[in-house]
Amino acid sequence: MNGFIKFLGTAGARIVVTKQLRASGGIWLSNNNTSLLIDPGPGSLVRALSSRPKLDPSSLDAILLSHRHLDHSNDMNIMVEAMTEGTFKKRGEIFLPHDCLAEEPVLYRYLQNSVEKINFLAPGKSYILNDLEFNTPVSHIHSVETYGFRFKLPGNLIISVVTDTLFTEELIAAYKPTSLLIINTVRLKKESSSPIQHLSIPDAERLIQEIKPQMAILTHFGLTVLKAKPWLIAQDLTQKLGIPVVAARDGWKLELNQFPLSEGKG
Ligand SMILES: [Zn+2]
């Protein structure tokens, strides 16, 4: 199948984002005739336009927001303005949790009228966008209303993006089966005493082991993961689990026509 995923950023959590140790533009997914952007954090517009080849926000069909935190939503307004060609063209859809448009909306009111449709996410709900179907299987445990995404692409390719959350056993069943598993991995170690509700490397390992995707991608790195060199962590997990695990890099483009991976690769 034709399509790609491009990482406009791989930064997670405040320090890595505010110091821009990694970029924070979110994930761009294109499939045949449909393009969408997940979690346009700070710099998303600049990263899209400075990509080679350029990713044109006015070609987006939708912008998806997993939750309202700034590292995910900062460029929401400007990306909607770009998607709608400066609000002159009413087009595109947005998908986001209810609390994103509550008393402190992450999308300005004048821009809410410029898109074709606003869709609110809910646990277990499915959505159709052109030839692409996706769902938000479960509510994530995070300090604000949060969801991950599970995309069903033609050719039985299932891509899951497990966004910010505390680890729970429920995540395994929610994202199974998945061909390509993308995991926001903010923390190096599991620290049960910590109030920060994020996945750690051991959590990611458990998810990969149980869900058994063809490939797993780690992204959204916090400082502890970054210091431990994510590519070494990914190598280690690949050996341990016998499943290819890749640490995403800023600007990395993954072509989807290599899926399903041939035997022996996975
Ligand atoms: Zn968050």
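Look a little higher up for the structure.
Caption draft 1: Inspection of helix α7 (residues 201-211) at higher detail. What α7 keeps buried is the set Ile201, Asp203, Ala204, Glu205, Leu207, Ile208 and Ile211. Positive backbone phi, at 50 degrees, marks Lys212, one or two positions downstream of α7.

Caption draft 2: Focus on the packing of aromatic side chains. For the structure on display, the rule yields eight aromatic pairs. Geometrically, the ring pair formed by Phe134 and Phe149 is edge-to-face, given 6.2 Å between the ring centres and 70 degrees between the ring planes. Placement of the pair is Phe134 in strand β8 (residues 132-136) and Phe149 in strand β9 (residues 149-153), with a sequence separation of 15 residues. Here Phe134 matches Phe149 in class, with each residue buried. Among the aromatic residues, ring-to-ring pairing joins Phe95, Tyr127, Phe134, Phe149 and Phe151 into one connected group. It is Lys253 that lies over the ring of Phe4; its NZ or CZ is 4.4 Å from the centre.

Caption draft 3: Representation of a nonpolar patch on the surface. A grouping of Ile15, Leu21 and Leu223 is seen on the molecular surface, where their side chains present a nonpolar patch of about 230 Å² in accessible area. In this fold, Leu223 is placed in helix α8 (residues 223-227).

Caption draft 4: Focus on the coordination of the zinc ion. Within the protein, the atoms that donate to the zinc ion are His67 (NE2), His69 (ND1), His142 (NE2) and Asp164 (OD), at distances of 2.2 to 2.6 Å. Within one chain, the residues serving as donors to the zinc ion are arranged as H-x1-H-x72-H-x21-D. Within this pair, whereas His67 is found in the loop between β4 (62-64) and α3 (70-73), its partner His142 is found in the loop between β8 and β9, the two being separated by 75 residues in sequence.

Caption draft 5: Region of interest: the layout of surface pockets. Looking at the largest pocket, its volume works out to about 580 Å³. Every residue lining the largest pocket is counted, 24 residues in all, and those nearest its centre are Ala13, Arg14, Asp71, Ile196 and His198. The set of elements that each furnish at least two residues to the lining of the largest pocket consists of α1 (14-18), α3 and α8. Examining the composition of the lining of the largest pocket, we find that five residues originate from one element, α1, more than from any other. Partitioned by chemical class, the residues of the lining of the largest pocket number 11 nonpolar, eight polar and five charged.

Caption draft 6: Just the side chain of His67, in detail. For His67, a relative accessible area of 0% gives the class buried. In terms of polar contacts, His67 uses its side chain to reach the side chain of His69, at 3.1 Å. Within polar-contact distance, the side chain of His67 engages the side chain of His142 at 3.3 Å. With sequence-adjacent residues up to four places away left out, His67 is seen in contact with Asp39, His72, Ser73, Pro97, Cys100, His142, Val144, Glu145, Thr146 and Asp164.

About the thresholds
- Residues numbered from 1 in each chain as written.
- Predicted model: local features only at pLDDT ≥ 70, side-chain atom pairs only at ≥ 80, totals over all residues.
- Heavy atoms only, no water.
- Buried < 20%, exposed > 50% of the residue type's maximum accessible area, 1.4 Å probe, protein only.
- Helix = DSSP H or I, 4+ residues; strand = E, 2+ residues; numbered from the N terminus.
- Phe/Tyr/Trp six-rings, centres within 6.5 Å; stacked < 30°, edge-to-face > 60°.
- Lys NZ or Arg CZ within 6 Å of the ring centre and 35° of its normal.
- Patch = residues over 30% accessible without salt bridge, like charges linked within 9 Å, V, L, I, M, F, W, Y side chains within 5 Å.
- Areas by Shrake-Rupley, 256 points an atom, 1.4 Å probe, with all protein chains shown as cover.
- Salt bridge = Lys/Arg side-chain N within 4 Å of Asp/Glu carboxyl O.
- Donors = N, O, S within 2.8 Å, 3.2 Å for Na, K, Ca; no water.
- 1 Å grid on protein atoms, 1.4 Å probe; cavity = no way out; pocket = protein on both sides within 12 Å on 5 of 7 lines; lining within 4 Å.
- Points joined across faces, edges and corners; volume = space filled by probe spheres on them.
- Nonpolar A, V, L, I, M, F, W, Y, C, P; charged D, E, K, R; others polar.
- Polar contact = N/O pair within 3.5 Å; in protein donor to acceptor, adjacent residues only side chain to side chain.
- Contact = heavy atoms within 4.5 Å.

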